[in-house]
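An overview of the molecular structure
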Amino acid sequence: MYSTISKAAICLLLLTTQTQTQINVNAKEIVATKEWQVVEEGDTIPAGLHVRIDMATGQKMVKLLDDDDDTDDTMSTSTPTSTSLVLSDQHTNEGEYELVDEATEFEPQYDYVMMHRALSHLPIEEQERMRVGGLPALPIQNLDDDNNAEVVRFKQEMKALWLRRQQELRDAQEPDQVKVLKEHIVIFEKALAAAATAADVDEKELLFALEELEFHASDVDMARDFHTLGGWPLLVSILSSGSASPEAIQSYQFSDEVRAYAAWAIGTAVKNTGEFFPWAVEPVKMQADIPASAHDVLRWTKTTTALSVLLDIFGEWNGQNDVNTVTNSTDYAKNKGGISRKLQQKVLYATGSLLRGNRLAQEHFIALGGPLLIANVLQTCLSDKDWKVSSKVVLLAHDLITESIVENNLGSNDSRNLIAEAFTTKIWCDGAVGLLEASDIRLKEKSLFALETMTPYCIRDEMWQDKARKSMELLRREWKSTNVNEDYDQEWFAELQTLSDVVHAQLF
């Protein structure tokens, strides 16, 4: 969307049908857009534009090149080394010729008199801003005399001023949202560079940038631009810090608070947008320099994916990684599981965002042993009676199994069955039943949703079937023998009882 103007090198073409003595005092610098604009006498334009001249009237018009512009009618397209524009000898529409880039055949050509004239029409204060004392004086000598020191100096100064002015015009055309994303990327790069050398990281600045990015990532266009600008590997690297490897942790680490915000942004960027699903498994190369001795440094490298990094953090959660990160924030105090509560929540959110509806990510997830890693987390949460997190984990399994059932019913075979099998092992089936012990009736409802989906697979284990049947009968007796239904919306509670009947019936 922005590539045409950013890749076009700075050059110019003096479009004129009169002599240079006939100067249009209203000459201006053209700021190109996607729409055709008329080029008046003396106006200047940057290279890389689509330019037309009506040979019958002499009228000149320019616009930005469209992505789908037909280049077959031109001699070449704009390139980063483009330097001049020339008339094509190929006809387009009747009475018109195309002005096309001839970068590969010509050296840079500058009309320094025209450049000086165009810039001289800028306000005096603007000329002073660009150069103390304003524009350099136009030499009285022949400008073709490259042996004259004054001429050479004039050309050097004018070229530098011209290139600077054209860059400023391009920067002004760049949308504000792209500028914001670039600012975030600079902050991420700076933080990663500091962390890799064990230098102090401005976490306040980093947290602000991550929080802003998460907000912007909810916009599809901004999420796409962030990825196009190269921000995705940086975000994954920030999330990975602390779980990358025991050796790298010594010099390459961020707090759980920072990683929580990185996970949040990753989840929001990919969530529900099929175009971005491949990012979940996109290879990301990370590296860190690890001191091996007083004089030697070993470079640690690892190629990973966003999904793989999230699973590494589930390993931390289970206490399987040697993690030393500790945050001073009381809101992010670590629990005995190994990572902060906030990081737990955001890692679950990001994992669900990357997996739901994303078949490619689901297959990668199974290949990495993801279901077992998360099942172990579920077991830990249930043991700690952490019902809220347990319900989120169980519902993730429910959603993925439901997707696989729908796809199988639509004719998709094979690997979709792997999803149901992976999320209905004994640990998962026990977890769904275990959630019924929660005191909050809405958490019991989530357990019933999961059980309705999982029971047809779980009942292959007769011991589980007997256990689940007893739990369901206890729940049903409790609901019938108390006034619990008086505390809730009658219609909703009736639906909940119907759901429990369905699950109970599946167990026989």
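Quick note: structure is the one above.
What this report covers is the structure whose coordinates are included nearby. Values in this document were obtained by computation on a predicted structure and should not be read as measured data. (Residues numbered from 1 in each chain as written. Predicted model: local features only at pLDDT ≥ 70, side-chain atom pairs only at ≥ 80, totals over all residues. Heavy atoms only, no water.)

**Details of the overall build of the chain**
Quick reminder of the rule: The helix count covers DSSP runs of H or I at least four residues long, the strand count covers runs of E at least two residues long, and both are numbered beginning at the N terminus. Buried residues are those whose accessible area, probed at 1.4 Å on protein chains only, stays under 20% of the maximum for their type, while exposed residues exceed 50% and partly exposed ones sit between those limits. It only takes one pair of heavy atoms within 4.5 Å for two residues to be counted as in contact. Surface accessibility follows the Shrake-Rupley procedure with a 1.4 Å probe radius. Residue values consider only the protein chains on display as shielding.
In terms of helices and strands, the chain carries 19 helices and seven strands. Within the chain, the fraction of its 508 residues that count as buried is 49%. At a minimum sequence separation of 6, the contacts of the chain that also span at least 24 residues come to 66%. By element, 51% of the accessible surface of the chain is carried by carbon and sulfur atoms, the whole surface being about 25,100 Å².

**Some points on the state of the cysteines**
As a reminder of what qualifies: Pairs of cysteine sulfur atoms within 2.5 Å are what we label disulfides.
Throughout the structure, instances matching the rule amount to one disulfide. With a sulfur-sulfur separation of 1.9 Å, Cys 429 is cross-linked through a disulfide to Cys 458. Between Cys 429 and Cys 458, the S-S dihedral sits near -80°, and the bridge is therefore left-handed. Taken together, the residues span a long stretch of sequence, with Cys 429 in helix α16 (residues 426–434) and Cys 458 in helix α17 (residues 441–458) at a distance of 29 residues.

**Remarks on the pairing of strand β3 (residues 60–64)**
For clarity, the cut-off: The pairing criterion for strands is at least two bridges between them, as found by DSSP.
For β3, the tally of buried residues reaches four of five residues, placing the bulk of the element in the interior. When strand β1 (residues 37–39) meets β3, the two strands line up antiparallel, connected through three bridges. Looking at β3, one finds that Gln 37 is bridged to Val 62.

**As for the environment of Asp 43**
In this structure, Asp 43 sits in the loop between β1 and β2 (49–54). Remark: the alpha-carbon pair of Asp 43 and Glu 29, spanning 14 residues in sequence, is separated by 5.7 Å.

**So, the nonpolar core**
What counts is decided by this rule: We call a set of buried residues a nonpolar core when its members are Ala, Val, Leu, Ile, Met, Phe, Trp, Tyr or Cys and they connect through side-chain atoms within 4.5 Å of each other.
Residues Phe 188, Leu 206, Trp 232, Phe 423, Trp 428 and Leu 448 are the most contacted members of the largest nonpolar core, which totals 100 residues. Per element, the largest residue contribution to this core is nine residues, and it comes from helix α9 (residues 256–270). Those residues within four positions of Trp 428 in sequence are excluded, and the remaining contacts are Pro 371, Ile 374, Ala 375, Leu 378, Val 393, Ala 397, Ala 422, Phe 423 and Met 454. Counting 15 residues, the second-largest nonpolar core is a separate cluster that includes Tyr 110, Leu 122, Met 130 and Val 151.

**A closer look at the environment of Phe 277**
Mapped onto the elements of the fold, Phe 277 is located in the loop between α9 and β6 (284–291). Given a relative accessible area of 15%, Phe 277 falls into the buried group. Sequence separation between Phe 277 and Leu 355 is 78 residues; the distance between their C-alpha atoms is 8.5 Å. For Phe 277, the contacting residues outside a window of four places in its chain are Val 270, Asn 272, Arg 356, Gly 357 and Asn 358.

**Thoughts on the packing of aromatic side chains**
Rule in force here: Classification of ring pairs uses Phe, Tyr and Trp, with its six-membered ring standing for Trp, and accepts pairs whose centres are within 6.5 Å; under 30 degrees between planes counts as stacked, over 60 as edge-to-face, and the remaining range as tilted. Should the NZ of a Lys or the CZ of an Arg lie within 6 Å of a ring centre and within 35 degrees of the ring normal, that charge is described as sitting over the ring.
Counting across every chain of the model gives nine aromatic pairs. Of the aromatic side chains, those joined through ring pairs into one cluster are Trp 232, Phe 276 and Trp 279. Its end group placed over the ring of Trp 264, Lys 346 keeps NZ or CZ at 4.0 Å from the ring centre. Of note, Arg 442 hangs over the ring of Trp 492, and the distance from its end group to the ring centre comes to 4.7 Å.

**Some words on the packing of helix α11 (residues 341–355) against helix α12 (residues 359–367)**
The axes of two packed helices give the description: the angle between them and the distance between them. Let me state the cut-off plainly: Angular values range over 0 to 180 degrees, each being the angle between N-to-C directions of two axes fitted as lines to C-alpha atoms, with helices fitted over their stretch in contact. Put simply, angles under 35 degrees are roughly parallel, angles over 145 are roughly antiparallel, angles from 65 to 115 are roughly perpendicular, and the rest are oblique. Just so you know the grouping, Ala, Val, Leu, Ile, Met, Phe, Trp, Tyr, Cys and Pro go in nonpolar, Asp, Glu, Lys and Arg go in charged, and all remaining residues, Gly too, go in polar.
Two elements in contact, α11 and α12, have axes separated by 7 Å at closest approach and are oriented at 120°. Comparing the axis directions of α11 and α12 gives the class oblique. Judged by residue contacts, Thr 351, Leu 354 and Leu 355 of α11 engage Ala 361, Gln 362 and Phe 365 from α12. Taken together, the residues of the contact of α11 with α12 break down into four nonpolar, two polar and no charged.

**Observations concerning the packing of helix α5 (residues 176–196) against helix α8 (residues 231–240)**
Under the convention used in this document: The handedness criterion is simple: a crossing whose near helix is rotated anticlockwise from the far helix by less than a right angle is left-handed, and one whose near helix is rotated clockwise is right-handed.
Contact geometry of α5 with α8 gives a least axis separation of 10 Å together with a crossing angle of 45°. It follows that α5 is oblique to α8 by the angle criterion. Remark: the crossing between α5 and α8 carries left-handed chirality. Of α8, the residues touching α5 (which contributes Ile 185, Phe 188, Glu 189 and Leu 192) are Gly 231, Leu 234, Ser 237 and Ile 238.

**Some remarks on the pattern of salt bridges**
Quick reminder of the rule: A pairing counts as a salt bridge when a side-chain nitrogen of Lys or Arg comes within 4 Å of a carboxyl oxygen of Asp or Glu.
Here the structure, examined in full by the defined rule, presents 15 salt bridges. Asp 256 is paired through a salt bridge with Arg 259; the nearest N and O atoms lie 2.9 Å apart. One end of the pair, Asp 256, and the other, Arg 259, are both in helix α9, three residues apart, so they sit about a helical turn from each other. Residue Asp 256 is classed as buried on the basis of its relative accessible area of 1%. By relative accessible area, Arg 259 is classed as buried at 0%. The partner of Arg 341 in a salt bridge is Asp 386, with the nearest N and O atoms 2.3 Å apart. One end of the pair, Arg 341, is in helix α11; the other, Asp 386, is in the loop between α13 (370–383) and α14 (387–409), and 45 residues separate them in sequence. With a relative accessible area of 28%, Arg 341 lands in the partly exposed category. Each member of the salt-bridge network shares a partner with another, and the members are Glu 126, Arg 129 and Arg 165.

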